[in-house]
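Take a look at the letters that make up each chain.
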Amino acid sequence: MIYTANPNAQFNSYKKKIEKSISKVLNSKKYILGNEVKNLEKEFSQYIGTKFAIGVANGTDALELALKALNIGMGDEVITVAHTAVATVSAIKSVGADPVIVDINPDTYTIDYNQIKKNINKKTKAIIPVHIYGQSVEIDKIQKICKQNNIFLIEDVSQAHGAKFKKKKLGSFGDIACFSCYPTKNLGAIGDAGLITTNSNKYYTKIKMLREYGWTDRYISSINGRNSRLDEIQASILRIKLKNLDKDNLRRIKIAKFYNKNLDKNKYSLPLILKNNFHVFHLFVIKTNNRNKLLKYLQSNGVFAGIHYPKPIHLQKAYYKRIKTSSNLKNTEFVCKKILSLPIYPELTILDQKKIVSLLNKF
């Protein structure tokens with residue numbers, strides 16, 4: 001069986017180091033917010049190129065805590081997209097703010113920055129652009145819009161660990177940036193985990209308080225916080241994987257190049273890489289007019305491709321007619337019927353790559 005992602009294969013790649021790190025934590029007698037978390041935060045901020053990083057329980061919490069740190073809540077609006085993991089929108093709703101959904105570029109699947117300006121009003125407090133599938137949104141243009149309108153920029157980098165725009169790492173452009181470290185991500189834990197980056201001492205201090213009950217001193221809450229701590233075991237695992245992230249991303253890029261070179265371009269629309277982008281291929285997403293038949297065909301031959309995402313958030317039961325959308329989301333609604341995520345992860349063998357290409361070209 002060949003799966004879209006295979007976190008177990010990555011565990012086996014670093015098995016001895018991971019088992020050693022877990023044992024070290026277990027014997028340290030310090031299981032919450034100890035040296036592993038502190039060292040990961042230091043190493044991750046250095047890697048991204050920001051002054052600060054904060055470890056949290058998961059990527060959804062990262063977004064929610066970022067919004068709270070910026071005092072975004074009831075009556076405020078946050079512009080984002082519906083072609084993303086539901087966490088992006090659920091985090092906005094969780095703080096009491098209103099998501100405003102705009103359309104995407106049908107070729108890159110990222111937010112259409114031309115639609116952003118049309119949806120800014122007095123209630124708009126932030127934009128959350130999603131660096132989807134492993135490459136950057138047009139972040140320089142969105143930065144400019146934010147500065148011109150005095151609104152916050154929160155990067156959702158959950159699918160783009162290590163990606164760059166103009167040689168600068170994603171996660172270093174916004175007021176705050178949020179990362180999921182779910183097991184399938186380019187930087188994935190063995191369980192839930194998340195990271196936040198910022199250059200602001202003010203936001204760093206507040207987020208650290210928010211992730212642990214609003215404490216300044218133990219058991220003394222200065223603000224209303226919650227429990228969103230990254231545990232020591234997951235931090236120790238992420239430290240090992242962070243050291244190997246660039247190498248693993250290059251393996252993903254090599255697989256993407258193999259697909260790009262060998263897939264029949266008359267049958268499939270292949271990923272578009274924007275100028276100035278260093279794409280790290282969290283996912284390799286193609287478009288096809290026969291997606292559902294192709295999916296079944298691949299499955300019958302032991303290849304389990306994915307769909308990211310089969311239904312835009314604004315059309316899902318929990319959010320349908322309950323969130324504000326711009327008048328036309330035609331691209332968002334079109335691509336969800338055509339896209340297919342091919343298997344891509346650092347440990348995917350060349351034999352498996354050849355099998356996938358052969359099946360696709362025969363179909």
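This one's a predicted model, so the numbers in the text were calculated from it and none came from an experiment.

## Focus on the packing of aromatic side chains
Scanning the model with the defined rule gives 11 aromatic pairs in all. Taking the centre distance of 5.2 Å and the plane angle of 40 degrees together, the rings of Tyr-297 and Phe-363 count as tilted. You can see Tyr-297 sitting in helix H11 (residues 291–300) and its partner Phe-363 sitting in the segment after helix H13 (350–362), a full 66 residues away along the chain. The structure contains a cluster of three or more aromatic residues connected by ring pairs, namely Tyr-213, Trp-215 and Tyr-219. Here the guanidinium or amino end of Lys-164 rests over the ring plane of Phe-278, the centre of that ring lying 5.2 Å away. In this structure, Lys-168 packs its charged tip against the face of Phe-173, placed 4.7 Å from the ring centre.

## Here's the deal with the packing of helix H10 (residues 245–262) against H13
H13 packs onto H10 with a crossing angle of 30 degrees between their chain directions and a minimal axis gap of 10 Å. If you check the angle between H10 and H13, you find them roughly parallel. In this structure, the crossing between H10 and H13 has a hand that is right-handed. Taking contact as the criterion, the partners of Ile-255, Phe-258, Tyr-259 and Asn-262 in H10 are, on H13, Ile-350, Gln-353, Lys-354, Ile-356, Val-357 and Asn-361. Grouping the amino acids of the contact of H10 with H13 by side-chain chemistry returns six nonpolar, three polar and one charged.

## Quick word on the packing of helix H2 (residues 15–28) against helix H9 (residues 232–243)
Running from N to C, H2 and H9 point in directions that differ by 145 degrees, and their axes come no closer than 9 Å. Like other packed secondary-structure pairs, H2 and H9 cross with a definite hand, here right-handed. Contacts between H2 and H9 pair Lys-17, Ile-18, Ser-21, Ile-22, Val-25 and Leu-26 from the former with Glu-232, Ile-233, Ser-236, Ile-237, Ile-240 and Lys-241 from the latter. The residue makeup of the contact of H2 with H9, split by class, is seven nonpolar, two polar and three charged.

## Focus on the sheet that holds strand S8 (residues 168–169)
Taken in spatial order, the three strands line up as S8-S7-S13 in an open sheet, and their pairing is antiparallel. In the strand order of this sheet, the two ends are held by S8 and strand S13 (277–278), each with one partner. Across two bridges, strand S7 (residues 164–165) lies against S13 in antiparallel orientation. What sits directly across from Lys-164, in S13, is Phe-278.

## What to know about the sheet that holds strand S10 (residues 194–198)
Read from one edge to the other, the open sheet built from eight strands follows the order S2-S10-S9-S6-S5-S3-S4-S16, with strand pairing classed as mixed. Unpaired on one side and paired on the other, strand S2 (52–56) and strand S16 (324–325) mark the two borders of the sheet.

## Thoughts on the nonpolar core
With 51 residues, the main nonpolar core has Phe-44, Ile-79, Ile-111, Ile-116, Ile-127, Ile-142 and Leu-187 as its most contacted residues. Going through the elements one at a time, helix H3 (35–48), strand S3 (77–81), strand S4 (98–102), helix H7 (139–149), strand S9 (176–180) and H9 are the ones with two or more residues in this core. Beyond its immediate chain neighbours, meaning those up to four positions away, Ile-142 contacts Ile-111, Tyr-113, Ile-116, Ile-127, Pro-129, Val-137 and Leu-153. The next biggest cluster of nonpolar side chains, apart from the first, holds 27 residues, and it includes Ile-2, Ile-253, Tyr-259 and Val-303.

## A few points about the pattern of salt bridges
Applying the stated rule across the entire model yields 13 salt bridges. Here Glu-36 and Lys-24 are joined by a salt bridge, their closest N and O atoms 3.9 Å apart. Taken together, the positions of Glu-36 in helix H3 and Lys-24 in helix H2 put the pair 12 residues apart, joining distant regions of the chain. The exposure class of Lys-24 is exposed, given its relative accessible area of 55%. Measuring nitrogen to oxygen at the nearest pair gives 3.0 Å for the salt bridge that ties Arg-226 to Asp-61. Placement of Arg-226 in the loop between strand S12 (220–221) and H9 and of Asp-61 in helix H4 (residues 59–69) is noted, with a sequence separation of 165 residues between them. Taking the relative accessible area as the measure of exposure, Asp-61 reaches 8% and is therefore buried.

## Quick notes on the pairing of S3
The element S3 is largely enclosed, with a buried count of five among its five residues. Here S3 shows two buried faces, one formed by Glu-77, Ile-79 and Val-81 and the other by Val-78 and Thr-80. With respect to chirality, the unit in which S3 leads through helix H5 (residues 87–94) into the neighbouring parallel S4 is right-handed. Examined bridge by bridge, S3 and strand S5 (residues 124–127) share three bridges and lie parallel to one another. In the sheet register, Val-78 faces S5, and the bridge partner there is Ala-126.

So, how was this worked out
- Residue positions within a chain follow its written sequence, with the count starting from 1.
- Note on the predicted model: pLDDT of at least 70 is required for a residue's local features to be given, and 80 or more for side-chain atom pairs to be given and counted; whole-chain, interface and lining totals, by contrast, use all residues.
- Hydrogens are left out, water is left out, and the side-chain values use all remaining heavy atoms of the structure.
- Under the pairing criterion, centres of Phe, Tyr and Trp rings, with the six-membered ring standing for Trp, must be within 6.5 Å; the plane angle then separates stacked pairs below 30 degrees from edge-to-face pairs above 60, leaving the rest tilted.
- Under the DSSP-based scheme used, a helix requires at least four consecutive residues in state H or I and a strand at least two consecutive residues in state E, with every element numbered from the N terminus.
- In this scheme, the term charge over a ring applies when either NZ of a lysine or CZ of an arginine sits within 6 Å of the ring centre and within 35 degrees of the ring normal.
- Only the stretch in contact is used when fitting a helix axis, every axis being a line fitted to C-alpha atoms; angles between N-to-C directions are given from 0 to 180 degrees.
- In these notes the angle categories are as follows: under 35 degrees is roughly parallel, over 145 is roughly antiparallel, 65 to 115 is roughly perpendicular, and the rest is oblique.
- Definitions for this section: a left-handed crossing has its near helix turned counterclockwise from the far helix by less than a right angle. A right-handed crossing has that turn clockwise.
- Any pair of residues with heavy atoms lying within 4.5 Å of one another is described as a contacting pair.
- Gly falls in the polar group here, along with every residue not listed as nonpolar (Ala, Val, Leu, Ile, Met, Phe, Trp, Tyr, Cys, Pro) or charged (Asp, Glu, Lys, Arg).
- For two strands to be treated as a pair, DSSP must find at least two bridges joining them.
- Side-chain atoms within 4.5 Å are what join buried Ala, Val, Leu, Ile, Met, Phe, Trp, Tyr and Cys residues into a set we call a nonpolar core.
- The buried label applies to any residue whose accessible area, calculated with a 1.4 Å probe on protein chains only, is under 20% of its type's maximum; exposed applies above 50%, and partly exposed to all values in between.
- Salt bridges are counted wherever a side-chain nitrogen of Lys or Arg sits within 4 Å of a carboxyl oxygen of Asp or Glu.
- When the strands point away from the viewer, a crossover counts as right-handed if the route from the first strand across the helix to the second turns clockwise.

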